[in-house]
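Each chain, letter by letter, is given below.
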Amino acid sequence: MSNEEPTTEARTSAPDRSSATTSVDAGEETSDRAAEPDRTIVEARNIDVWYDEDQALRDVSMEVPEKKVTAMIGPSGCGKSTFLRCINRMNDLVDAARVEGELLLGSKNVYDADVDPIALRRRVGIVFQKPNPFPKSIYDNVAYGLEIQDVEGGHDAIVERSLERAALWEEVEDRLEESGLELSGGQQQRLCIARAIATDPEVLLMDEPASALDPIATNQIEDLIEDLAEEYTVIIVTHNMQQAARISDKTAVFLTGGELVEFDDTRQVFESPQSQRVEDYITGKFG
Amino acid sequence: MSTDDLANELTRRTENAPQELLTRAFFFFCAVLSIVTTVAIIVLLTTEAAKFFSLTASLLGVEGQTVSLVDFFTGTTWQTSTGEYGVLPLVAGTLMVVIGSAIIALPLGVGTAIYLSEYASPRLRSKLKPALEILAGIPTVVYGFFALIYITPALGTVLPDIAFFNMASAAIVVGIMIIPMVASISEDAMSAVPDELREAGYGLGATKFDVSAGVVVPAAASGIFSSFILALSRAIGETMAVTIAAGSQARFLNPIDPTAYLEGAMPMTAAMIQLLTGDITGGGLAYRSLFAIGLTLFAITLLMNVISDLVAARYREEYE
Ligand SMILES: Nc1ncnc2c1ncn2[C@@H]1O[C@H](COP(=O)(O)OP(=O)(O)OP(=O)(O)O)[C@@H](O)[C@H]1O
Ligand SMILES: [Mg+2]
């Protein structure tokens with residue numbers, strides 16, 4: 001699954017496709033969508049999650065479009081992180097967690113018995129709320145995924161390209177051997193993004209990636225996410241509704257109890273939400 | 001509450017209440033007592049050892065037989081009856097215990113720690129950790145006769161040349177003895193590695209082995225190293241088990257020759273026991289040699305502790 005050739009091709013062809021989608025987005029939404037329907041890359045079908053006896057997600061179904069930014073918002077404890085961790089089966093690491101339903105990546109249900117969660121996580125990268133670089137050099141941090149996947153050949157070019165994509169290369173090119181822990185919080189988070197994209201995953205999951213950062217670093221991360229969406233499918237959890245409105249194409253609103261109450265184009269969700277509860281939540285937050 | 005009451009309350013000085021002062025004095029006394037005891041032991045050890053060496057004895061103006069520093073530290077024969085006080089055979093004996101026990105305890109201890117911290121379920125861990133601590137609580141004399149009665153015969157089935165008293169069984173038994181120490185301290189260090197780092201690894205598609213060996217162990221390296229130093233210090237100071245298992249013949253063996261381990265020898269601690277249990281006359285040369293060995297032993301363990309502290313200080317912020 002992790003053979004290099006096909007992914008490299010996919011990468012080179014990506015810019016044309018993405019420029020096409022960008023121009024589509026600029027136009028009037030509904031009609032263009034009909035002209036070029038989005039391909040679904042992640043699809044949840046009736047996902048329920050329990051932690052022991054407590055249900056954290058109830059019957060969640062949604063279709064995440066490829067090479068778009070999909071935001072997930074909702075009050076604390078409503079299950080956003082839980083849903084994100086279903087997608088790459090990080091929930092497997094939690095003994096108490098139990099998942100029911102189907103979660104398709106492409107056409108394969110990742111909860112099928114024959115799916116190897118390790119192989120899955122190599123195709124679905126994740127960036128966490130708190131920057132968590134390894135206590136290793138900047139270079140080794142980015143190369144880690146390549147090492148464990150036994151990617152052949154020198155890693156230098158991939159490390160450089162990943163750091164460039166994560167908008168960090170210029171700041172670190174002279175200090176690749178320094179510890180990743182010596183970077184600032186915002187730089188560390190971009191390092192974690194570089195680390196996650198080095199192995200060229202299909203989907204990038206981000207759990208409040210900017211919430212531990214100051215406004216400037218947050219801006220940088222937001223710009224970065226919009227750029228990344230040209231090549232990757234980004235699914236991002238955020239508490240910041242302006243952020244969701246700014247950077248996402250689709251927005252999913254979860255509410256307390258683990259329900260997915262609304263899932264639509266971001267503009268639709270923020271301008272004319274279908275559900276009163278969602279409207280209350282959004283306007284309440286905006287004051 | 002009136003303003004005066006408030007002023008009174010704010011100026012009460014709880015810190016200086018009698019019971020506060022009393023408890024402070026008591027804890028201060030405890031702290032001082034342990035420091036004073038340590039200093040007293042070091043002073044005693046040093047002054048008595050000083051009377052053993054020609055150089056320092058003459059400086060102190062002490063009468064009686066002495067041994068030169070050079071003879072002591074480079075002599076290859078330890079035979080008190082003939083007045084030969086070369087410490088090298090004893091140091092070699094101790095070194096053999098350290099090397100042999102390290103070969104056993106370091107890999108097994110770290111392996112145990114990795115299993116407990118990364119692989120075992122919380123339930124299993126909560127059972128295994130106390131079991132380890134029980135292993136650490138077995139009296140060392142029990143380990144000693146265990147070596148003599150079980151380990152030596154078992155080794156004898158594969159190595160018929162092995163002596164009844166031999167360094168191999170002593171080193172093995174000390175190795176077994178210090179596994180819990182390595183395992184327990186290393187496990188603490190590994191458990192302290194934040195879960196965020198593990199999640200980072202798993203999130204990139206790492207296997208359990210990748211995360212344990214490539215993320216957790218390097219991040220906990222300074223703690224693991226400390227466990228080695230502490231455990232090996234214990235191996236150096238271990239007395240009962242080695243005295244029983246290694247015998248009391250001060251042979252000068254080569255610690256890096258594997259066949260040497262089939263023979264018996266006398267580590268430093270065993271030599272001290274022999275001196276203490278033999279008929280040593282108070283104030284005589286043999287009596288003073290006890291302190292010379294003791295001081296040498298102390299110097300070695302002190303050095304190891306200093307190294308351990310330096311390493312810990314240098315690598316402390318591995319994941320902060
Ligand atoms: N490891 C766990 N064990 C038990 N319960 C958990 C665990 N993780 C989450 N939960 C519970 O599941 C529910 C959803 O949690 P989740 O972390 O998914 O919420 P969230 O929407 O990400 O919240 P936040 O915005 O605060 O991050 C909460 O009630 C939480 O207490
Ligand atoms: Mg969360």
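See the structure printed just above.
Bear in mind that the values here come from a model prediction, so they are computed numbers and not experimental data.

The next point concerns the overall build of chain A. A tally of regular secondary structure across chain A gives 12 helices and 10 strands. Expressed as a percentage of its 287 residues, the buried residues of chain A come to 53%. In chain A, of all internal contacts separated by at least 6 residues, the share reaching a separation of at least 24 is 68%. For chain A, the exposed area adds up to about 12700 Å²; of that, 45% sits on carbon and sulfur atoms.

Residues and elements named next belong to chain A. Taken together, the neighbourhood of ligand 1 is formed by Tyr51, Ala56, Ser76, Gly77, Cys78, Gly79, Lys80, Ser81, Thr82, Val94, Glu208 and His239. Within the backbone of Cys78, an N or O atom sits 3.3 Å from an oxygen atom of ligand 1. One nitrogen or oxygen atom from the side chain of Ser81 is found 2.6 Å from an oxygen atom belonging to ligand 1. Within the complex, the protein chains bury 60% of what would otherwise be the 630 Å² of accessible surface of ligand 1. Looking at the shell around ligand 1, the element that brings in the most residues is helix 3 (residues 80–87), giving 3 residues. Here the shell around ligand 1 is composed, by residue class, of 4 nonpolar, 6 polar and 2 charged.

This part takes up helix 8 (residues 167–191) of chain B. Residue and element names in this part refer to chain B. Taking 1.5 Å of rise per residue, 25 residues should cover 36 Å, and helix 8 covers 35 Å from first to last C-alpha, within 8% of that figure. Within helix 8, 19 of the 25 residues are buried, which leaves the element mostly enclosed by the surrounding structure. N-capping of helix 8 is provided by Asn166, with a side-chain oxygen placed 3.2 Å from the backbone N of Ala168.

Along helix 9 (residues 195–203) of chain B, the residues classified as buried are Leu197, Arg198, Ala200, Gly201, Tyr202 and Gly203 of chain B. Looking one or two places after helix 9 of chain B, you find Gly205 of chain B, whose phi comes out positive at around 85 degrees.

In this section: the interface of chain B and chain A. Opposite the 21 residues of chain B that make contact, chain A presents 22 residues. Taken over both partners, the interface formed by chain B and chain A buries close to 1700 Å², and the fraction arising from carbon and sulfur atoms is 62%. The tally of links from chain B across to chain A stands at 2 salt bridges. A salt bridge links Arg85 of chain A to Glu199 of chain B, with the shortest nitrogen-to-oxygen separation between them at 3.0 Å. The interface formed by chain B and chain A contains 5 residue pairs in polar contact (both at pLDDT 80 or more). Among the elements of the structure, helix 9 and helix 10 (208–219) of chain B are those that each provide at least two residues to the side of chain B that touches chain A. The biggest single contributor to the side of chain B that touches chain A is helix 9 of chain B, with 7 residues.

Core analysis: the biggest nonpolar cluster contains 109 residues, and Val42, Met72, Phe83, Ile235 and Phe254 of chain A have the highest contact counts within it. The leading source of residues in this core is helix 8 of chain B, at 11 residues. Setting aside its immediate chain neighbours within four residues, Val42 of chain A contacts Met62, Glu63, Val64, Ile87, Leu103, Leu104, Leu105, Val203 and Ile235 of chain A. Ranked by size, the runner-up nonpolar core spans 48 residues in total, among them Val159, Ile221, Val253 and Phe270 of chain A.

Pairing between side chains becomes possible if they bear opposite charge and their charged atoms approach one another. The full count for this structure, using the stated rule, is 23 salt bridges over all chains. Across the salt bridge formed by Arg165 of chain A and Glu231 of chain A, the nearest N and O atoms sit 3.3 Å from each other. Pair noted here: Arg165 of chain A is in helix 6 (residues 156–165) and Glu231 of chain A is in the loop between helix 9 (215–228) and strand 8 (233–237), with a separation of 66 residues, a long-range link. In this structure Arg165 of chain A comes out as buried when scored by relative accessible area, which is 16%. The partner of Asp195 of chain B in a salt bridge is Arg198 of chain B, and the shortest N-O contact between them spans 2.9 Å. Of this pair, Asp195 of chain B and Arg198 of chain B are both found in helix 9, 3 residues apart, which corresponds to roughly one turn of the helix. Relative accessible area serves as the criterion here: at 51%, Asp195 of chain B is assigned to the exposed category. Overall, Arg198 of chain B belongs to the buried group, its relative accessible area being 9%. Here the salt bridges share partners, and the residues they tie into one network are Glu43, Arg45 and Glu102 of chain A.

Applying the stated criterion across every chain yields a total of 14 aromatic pairs over all chains. With a centroid separation of 5.4 Å and an interplanar angle of 90 degrees, the aromatic rings of Trp78 of chain B and Tyr85 of chain B are classed as edge-to-face. No difference in accessibility class separates Trp78 of chain B from Tyr85 of chain B, as the two residues are buried. These aromatic residues form a ring-pair network of at least three members: Phe52, Phe53, Phe72, Phe73, Trp78 and Tyr85 of chain B. The side chain of Arg195 of chain A reaches across the aromatic face of Phe134 of chain A, ending 4.6 Å from its centre. When the ring centre of Tyr119 of chain B is taken as origin, the NZ or CZ atom of Lys208 of chain B, which lies over that ring, is 5.7 Å away.

Quick notes on the rules
Residues numbered from 1 in each chain as written. Chains lettered and ligands numbered in written order. Predicted model: local features only at pLDDT ≥ 70, side-chain atom pairs only at ≥ 80, totals over all residues. Heavy atoms only, no water. Helix = DSSP H or I, 4+ residues; strand = E, 2+ residues; numbered from the N terminus. Buried < 20%, exposed > 50% of the residue type's maximum accessible area, 1.4 Å probe, protein only. Contact = heavy atoms within 4.5 Å. Areas by Shrake-Rupley, 256 points an atom, 1.4 Å probe, with all protein chains shown as cover. Near = heavy atom within 4 Å. Polar contact = N/O pair within 3.5 Å; in protein donor to acceptor, adjacent residues only side chain to side chain. Nonpolar A, V, L, I, M, F, W, Y, C, P; charged D, E, K, R; others polar. Expected span 1.5 Å × (residues − 1). Buried area = accessible area lost by both parts, 1.4 Å probe. Salt bridge = Lys/Arg side-chain N within 4 Å of Asp/Glu carboxyl O. Core = buried A, V, L, I, M, F, W, Y, C linked by side-chain atoms within 4.5 Å. Phe/Tyr/Trp six-rings, centres within 6.5 Å; stacked < 30°, edge-to-face > 60°. Lys NZ or Arg CZ within 6 Å of the ring centre and 35° of its normal.

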